Each structure stands twice: as C-alpha cells, then as structure tokens.
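Fold and contact review
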Amino acid sequence: YEGASRRWVSECDEAILEAAQAAMGSSHHLLERYRERKSACFLVPNGLAMSPRYEAFNWGVLRSQGATINKSKDLVLGYIGAIAPWFDWSLVHRLRQQLVDEGFKRFKIVLIGPVHGDLPGDLPLDVEIKPAMPQELIWDALATFDIGLIPFKINELTASVDPVKYY
C-alpha cells in the first residue's frame, strides 16, 4: 500500500491491535512489529495440509538430487502458489538465462497457481504456467520438481508473510 491507503491500513492495524487481547501471525517479521505494541503475540505457522501423499513422498531422493543433476536430462524447477504482484519475474528470467549459460540442455520452469495480474509477454516456452490445483494434489506436483522455487521480490510485503513453500 502507498499514500492514503497505506495510512488507512496502518490506522486499522493499530486500532485492531489496541482492541485485541493477543495477536497471532504466521510471519516472524510481522510479530516483531506487533510485539513493539502488544506483548501477547504468538506465532501460528502457515502450513500445508498433510495427506497420505506426504507420507509416501520420497524425501531422500529429492535431497540427493543436487549432487546428481545431469545437464543433458530433463530438469524441472517449480513453484506452487499465487502469481501476484510480489512475484519476481526478473528473477525467473535471470534463473532461466543462467541455466542456459551453464549448459543445461533440457529444463523447464513450472509455475502453478492462480494468476493475479498480467503475465509478462516475453515468457519463453520453457517457462510453463499452470492453473491452481486442489491442495490434495500438491504433493504429486512437488514430486515432479527437481528444485523448488520461491521467486518473490524482496520487500516489506514478502518480509511480512510466511509462505507455505518454506515447509
């Protein structure tokens, strides 16, 4: 938020905090700000619903892939979440170019989630946008990724949230 909208949100935030007995948030950054005005602040971690797919997920293979990536075989870098104004498209473009520069022959960057805003008109074919999916299918999608991404701009908004992707 900027200008009058930013001031209004700040005033609302202050009024709610003053009226509340306690504050809960999923962001450490946000809780630090609230603790300056309210001592009763509690972390409530954001998270992803567990499912039978989670239990079957092969974490060992995923963790070991960093050492065995073959530059001539398919490589999938993926993100699951909202594609909104905080999304760092320049980072995605730089990542793609770095893969090309480092000699990766076959790769794709898969971005899954609802799109809130305009997509860049210059997306290459190896950057694939897929629609949002039901939460119970997320583990299946994660199993197709070699590397997970959190391509967010670094700003006050992203410092104030705790994306599910961290988990």
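Since we're looking at a predicted model, the values are computed, not measured. (Residues numbered from 1 in each chain as written. Predicted model: local features only at pLDDT ≥ 70, side-chain atom pairs only at ≥ 80, totals over all residues. Heavy atoms only, no water.)

1. So, the environment of Asp13
With respect to the helices, strands and loops of the structure, Asp13 is situated in helix H1 (residues 3–19). Sequence spacing of Asp13 and Tyr34 is 21 residues, and the spatial spacing of their C-alpha atoms is 9.5 Å. Excluding residues within four positions of it along the chain, Asp13 makes contact with Arg33, Tyr34 and Arg37. (Helix = DSSP H or I, 4+ residues; strand = E, 2+ residues; numbered from the N terminus. Contact = heavy atoms within 4.5 Å.)

2. Some remarks on the packing of aromatic side chains
All chains considered together, the criterion is met by 3 aromatic pairs. Centre to centre, the rings of Tyr79 and Phe87 are 5.2 Å apart; their planes meet at 65°, and the pair counts as edge-to-face. For the pair shown, Tyr79 and Phe87 are each scored as buried. Between Tyr79 and Phe152, the aromatic rings sit 5.9 Å apart at their centres with planes inclined by 75°, giving edge-to-face as the arrangement. A residue pair is termed long-range when its members are at least 10 positions apart, and Tyr79 in strand S3 (residues 75–80) and Phe152 in the loop between strand S6 (147–148) and helix H7 (156–159) qualify at 73 residues. Tyr79 gets classed as buried once you look at its relative accessible area, which sits at 1%. Among the aromatic residues, those joined into a cluster by ring pairs are Tyr79, Phe87, Trp89 and Phe152. (Phe/Tyr/Trp six-rings, centres within 6.5 Å; stacked < 30°, edge-to-face > 60°. Buried < 20%, exposed > 50% of the residue type's maximum accessible area, 1.4 Å probe, protein only.)

3. What about the sheet that holds strand S5 (residues 127–130)?
Taken in spatial order, the 4 strands of this open sheet run S5-S4-S3-S6, and their pairing is parallel. Unpaired on one side and paired on the other, S5 and S6 mark the two borders of the sheet. Bridge analysis of S3 against S6 gives 2 bridges, and the strand direction is parallel. Pairing of Gly78 across the sheet is with Gly148, part of S6. (Pairing = 2+ DSSP bridges.)

4. Digging into the pattern of salt bridges
The final tally for this structure, using the stated rule, is 7 salt bridges. When the shortest N-O distance is used, the salt bridge between Arg37 and Asp13 registers 3.7 Å. Taken together, the positions of Arg37 in the loop between helix H2 (28–35) and strand S2 (41–43) and Asp13 in helix H1 put the pair 24 residues apart, joining distant regions of the chain. Among the residues examined, Arg37 registers a relative accessible area of 37% and is labelled partly exposed. A residue is classified by how much of its surface remains accessible, and Asp13, at 19% relative accessible area, is buried. As a salt-bridge pair, Lys108 and Glu128 come within 3.8 Å of each other at their nearest N and O atoms. Of this pair, Lys108 sits in strand S4 (residues 107–112) while Glu128 sits in strand S5, and the two are 20 residues apart along the sequence. Sharing partners across several salt bridges, the network here consists of Asp13, Glu14, Arg33 and Arg37. (Salt bridge = Lys/Arg side-chain N within 4 Å of Asp/Glu carboxyl O.)

5. Section: a nonpolar patch on the surface
On the surface, Met24, Phe42 and Val44 cluster together into a nonpolar patch covering about 320 Å² of accessible area. Along the chain, Met24 falls in strand S1 (residues 23–25). Owing to a relative accessible area of 63%, Met24 belongs among the exposed residues under this scheme. (Patch = residues over 30% accessible without salt bridge, like charges linked within 9 Å, V, L, I, M, F, W, Y side chains within 5 Å. Areas by Shrake-Rupley, 256 points an atom, 1.4 Å probe, with all protein chains shown as cover.)

6. Side note on the pairing of S4
With respect to burial, S4 is a largely interior element, 5 of its 6 residues being buried. Summarising the sheet, S3 and S4 pair through 6 bridges and their orientation is parallel. Within S4, the residue paired with Leu75 across the bridge is Phe107. Assessed by its sense of winding, the connection that carries the chain from S3 through helix H5 (residues 89–101) to S4 is right-handed. (Right-handed = clockwise from strand over helix to strand, strands pointing away.)

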